[in-house]
Amino acid sequence: MDIYIKVAAAKLLDMKDIRGIRDMSISHKGIQIYLWEIEYAGFLFWKYLVRKKWNNMAAVKKINKEGILEAAYNLARREGIAAITARKLAKEISCSTQPIYENFVDMGAIIEITTDRINEVYGSLKESLRKKENADYVSQTAIVCEFAGSEKVLFRQLVADNDSGHGLFKGTRTEKMLVETLHCDEIVADQINEEMHKYIMGQAFLVNEGYTEFDQARLAMETERFFEFVKKIFVK
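Residues numbered from 1 in each chain as written. Predicted model: local features only at pLDDT ≥ 70, side-chain atom pairs only at ≥ 80, totals over all residues. Heavy atoms only, no water.

Helix length check: helix α7 (residues 107-130) (24 residues) gives 35 Å between terminal C-alpha atoms against 34 Å at 1.5 Å per residue, within 8%. Those residues of α7 lying buried are M107, I110, T114, I118, Y122, L125, K126 and L129. For α7, the N-terminal cap is D106; the gap from its side-chain oxygen to the backbone nitrogen of G108 is 3.1 Å. (Helix = DSSP H or I, 4+ residues; strand = E, 2+ residues; numbered from the N terminus. Expected span 1.5 Å × (residues − 1). Buried < 20%, exposed > 50% of the residue type's maximum accessible area, 1.4 Å probe, protein only. Polar contact = N/O pair within 3.5 Å; in protein donor to acceptor, adjacent residues only side chain to side chain.)

The following block contains the structure:
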């Protein structure tokens, strides 16, 4: 900040009526010049405040729909959909609530779009489990546990606290794989499949709650061991 602005900031607080003081001191040339300098410093200080306010307003105008939606999604990932309010979202973006309502009619629109994006993430998770190369339980354990560890809030929201979690493994190729490799009937394959998916979800919950870390090598070994145990029970 310029030296004149510093002087103005200090002096103008005490000199409420500079113009009156200047008129009283008109015969003292040195004081009069000093007072003019103070007035000029005050003008510079006013310009500084106006410029600062304008820059802040310009920064607000740069906030667009994409930035607001990205902030909403990040907030949902950390705290859940219910955490998306105008006040929390404004804090996330470091602005007032005004830019939010300038870009969206209401918060409902933001929540709806964010929910759709989260559902797409869940859909991608299910698609990964349906792929042929992920038909084995080791791959499925790795996919679900990694998601449970990296997306702790979304995992609880989409899988643990939601009926949609029951359909997570629907459409996977494991039953067909079991019939072909173990030469068992579909009933036995279904029983094995159910037990293995319960195991996978149990491991995912442990990772999600922080009881164990996501260790792909360890999970692969333990999944293979549990699979062998289940086979001995159901395959005669």
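In this section: the packing of aromatic side chains. Going through the model one piece at a time under the given rule, you end up with four aromatic pairs. Here F155 and F205 contribute two aromatic rings whose centre-to-centre distance is 5.5 Å and whose plane-to-plane angle is 70°, an arrangement assigned as edge-to-face. With F155 in helix α9 (residues 152-160) and F205 in helix α11 (residues 186-208), this pair connects stretches of sequence that are 50 residues apart. Taken together, the ring pairs in this structure connect Y199, F226 and F229 into an aromatic cluster. Lying across the ring of F104, K65 places its NZ or CZ 5.6 Å from the centre. Directly above the ring of Y73 sits R117, whose terminal nitrogen or CZ lies 3.8 Å from the centroid. (Phe/Tyr/Trp six-rings, centres within 6.5 Å; stacked < 30°, edge-to-face > 60°. Lys NZ or Arg CZ within 6 Å of the ring centre and 35° of its normal.)

Mapped onto the fold, T172 is located in the loop between α9 and α10 (174-182). Reaching out from T172, the side chain makes a polar contact with the backbone oxygen of F169 at a distance of 2.9 Å. Separated by 3.4 Å, the side chains of T172 and T174 make a polar contact. For T172, the contacting residues outside a window of four places in its chain are L129, R130, Q140 and H197. (Contact = heavy atoms within 4.5 Å.)

For the rest of this paragraph, the subject is unusual backbone geometry. The phi dihedral of S94 falls on the positive side, at around 65°, and the residue is not glycine. With respect to the secondary-structure elements, S94 resides in the loop between α5 (86-93) and α6 (98-103). One non-glycine residue with positive phi stands out, namely H183, at about 55°. Structurally, H183 is set in the loop between α10 and α11.

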